Amino acid sequence: MILAVASGKGGAGKTSIVAALVASLGPACVMADCDVDAANGAIALGAHVSETEPYYAGPGFEIDSAVCTGCGLCHDACRFNAIAADKGKRRFAIIPELCERCGACLDRCPAKAIRSFEKQAGRLFVSDTRLGITLVHAELVPGEDTSGKLVSKVRERADAIAGGRSIIVVDSPPGIGCPVIASLSGSDLVLVVVEASSSGIRDAERLIKLVSSMGKKSVALINKSGLSASMDTRAKSMLSSAGIPLAGEIPFNPILRSIEEQGRTWIDVEGTAGNSVRRALEAIQGIITGLSRKKRRS
Ligand code: SF4
Ligand code: SF4
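Each value, and the rule that gives it
- Residues numbered from 1 in each chain as written.
- Chains lettered and ligands numbered in written order.
- Predicted model: local features only at pLDDT ≥ 70, side-chain atom pairs only at ≥ 80, totals over all residues.
- Heavy atoms only, no water.
- Core = buried A, V, L, I, M, F, W, Y, C linked by side-chain atoms within 4.5 Å.
- Buried < 20%, exposed > 50% of the residue type's maximum accessible area, 1.4 Å probe, protein only.
- Helix = DSSP H or I, 4+ residues; strand = E, 2+ residues; numbered from the N terminus.
- Near = heavy atom within 4 Å.
- Nonpolar A, V, L, I, M, F, W, Y, C, P; charged D, E, K, R; others polar.
- Salt bridge = Lys/Arg side-chain N within 4 Å of Asp/Glu carboxyl O.
- Axes fitted to C-alpha atoms, helices over the stretch in contact; angles between N-to-C directions.
- Parallel < 35°, antiparallel > 145°, perpendicular 65-115°, else oblique.
- Left-handed = near helix turned anticlockwise from the far one by under 90°.
- Contact = heavy atoms within 4.5 Å.
- Expected span 1.5 Å × (residues − 1).

## Here we look at the nonpolar core
Thinking step 1. Counting 41 residues, the largest nonpolar core has Val154, Leu184, Val194 and Leu239 as the members making the most contacts within it.
Thinking step 2. Of the residues forming this core, the biggest block, six residues, is contributed by helix 7 (residues 198-213).

Below, the structure is given as structure tokens:
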């Protein structure tokens, strides 16, 4: 059973909800933090890395200055302005941040001074956490643009660890781009976290359209409700028009933020704020249990 938790925008409270959810599910679940551009599941769960593996996204290119004759043909061949020349146009160097890895310079160089090499674009980690839950997460080297591929690697590793027995909770990246699609693929259910704000509702609506175009089942949770009655009504009406069941809502409460600063999750909060979190998570767990049974029977 794979549950993906997504929100159309950053800052909607998705990772906090994922951390509370995995804390309530316990060590039997595996968490896959697919927000590889800004992974913070490790901080939320107090992770200790037990395994690290390099992530290679494809070839990188470099010029061997000892072999380069300074003819400048590579500079002319590069359509991405990724080859810098010195003032006298005698020395050339590839700018990794601009290089699109097309290989045109390699073909053009008569002196065979350009070589390709496996370029490390990030790292994948498997971590133990203070909650006893295994966390799979990753980091992409800044400037690398292959986050969808790294997200798929995180998902594959989490699948292998779960071995079809445990529930996998996926923390999807924000937005509706390629990395989000990679994080949602293969999931049995998508929990859409809707922030009760104008941009939160608009972005969640775009996400719901994406989820529905992928043929995925989804439920929603409204976060930061209670700040504006009109936003709460708009969020509910948007979900109702889209036919998405509402599993619960979590009113805005500064206590929730302060509990995270103490290294705890939202289910540790006592009183009204904690009760609304627990109610929402119980509803989601009920849906997960129902779907898992159905899956086992089919
Ligand atoms: S691989 Fe392509 S983009 Fe990169 S430096 Fe060579 S020609 Fe330019
Ligand atoms: S084409 Fe080859 S030899 Fe000519 S400047 Fe580029 S790297 Fe140097």
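Next, the rest of the story.
## A word on the site of ligand 2
Thinking step 1. Lining the immediate environment of ligand 2, one finds 13 residues, of which Cys68, Cys71, Gly72, Cys74 and Cys109 sit closest.
Thinking step 2. Counted by class, the shell around ligand 2 contains ten nonpolar, three polar and no charged residues.

## Focus: the pattern of salt bridges
Thinking step 1. For the coordinates displayed, the defined rule picks out ten salt bridges.
Thinking step 2. In this structure, glutamate 195 engages lysine 224 in a salt bridge whose closest nitrogen and oxygen atoms are separated by 3.1 Å. Of the two residues, glutamate 195 sits in strand 9 (residues 189-195) while lysine 224 sits in strand 10 (residues 218-225), which places them 29 residues apart along the sequence.
Thinking step 3. Taking relative accessible area as the criterion, glutamate 195 reaches 10% and is therefore assigned buried.

## Focus: the packing of helix 1 (residues 14-25) against helix 10 (residues 271-297)
Thinking step 1. Running from N to C, helix 1 and helix 10 cross one another at 65 degrees; their axes reach a closest spacing of 10 Å. When the axis of helix 1 is compared with that of helix 10, the two are roughly perpendicular. Both helix 1 and helix 10 take part in a crossing whose hand is right-handed. Two secondary-structure elements touch here, helix 1 through Ala20, Leu21, Ser24 and Leu25 and helix 10 through Val277, Leu281, Ile284 and Gln285.
Thinking step 2. Partitioned by chemical class, the residues of the contact of helix 1 with helix 10 number six nonpolar, two polar and no charged.

## Here we look at the site of ligand 1
Thinking step 1. Within the structure, ligand 1 sits among 13 residues, and Cys78, Cys99, Cys102, Gly103 and Cys105 are positioned closest to it.
Thinking step 2. The class makeup of the residues in the shell around ligand 1 is ten nonpolar, one polar and two charged.

## Considering helix 1
Thinking step 1. Given a rise of 1.5 Å per residue, twelve residues ought to cover 16 Å, and the 16 Å separating the end C-alpha atoms of helix 1 matches this to within 8%.
Thinking step 2. In terms of burial, helix 1 is largely enclosed, as nine of its twelve residues are buried.
Thinking step 3. Among all positions of helix 1, only Lys14, Thr15, Ser16, Ile17, Val18, Ala19, Ala20, Leu21 and Val22 are buried.
Thinking step 4. Remark: glycine 26 follows helix 1 within two positions and exhibits a positive phi of approximately 85 degrees.

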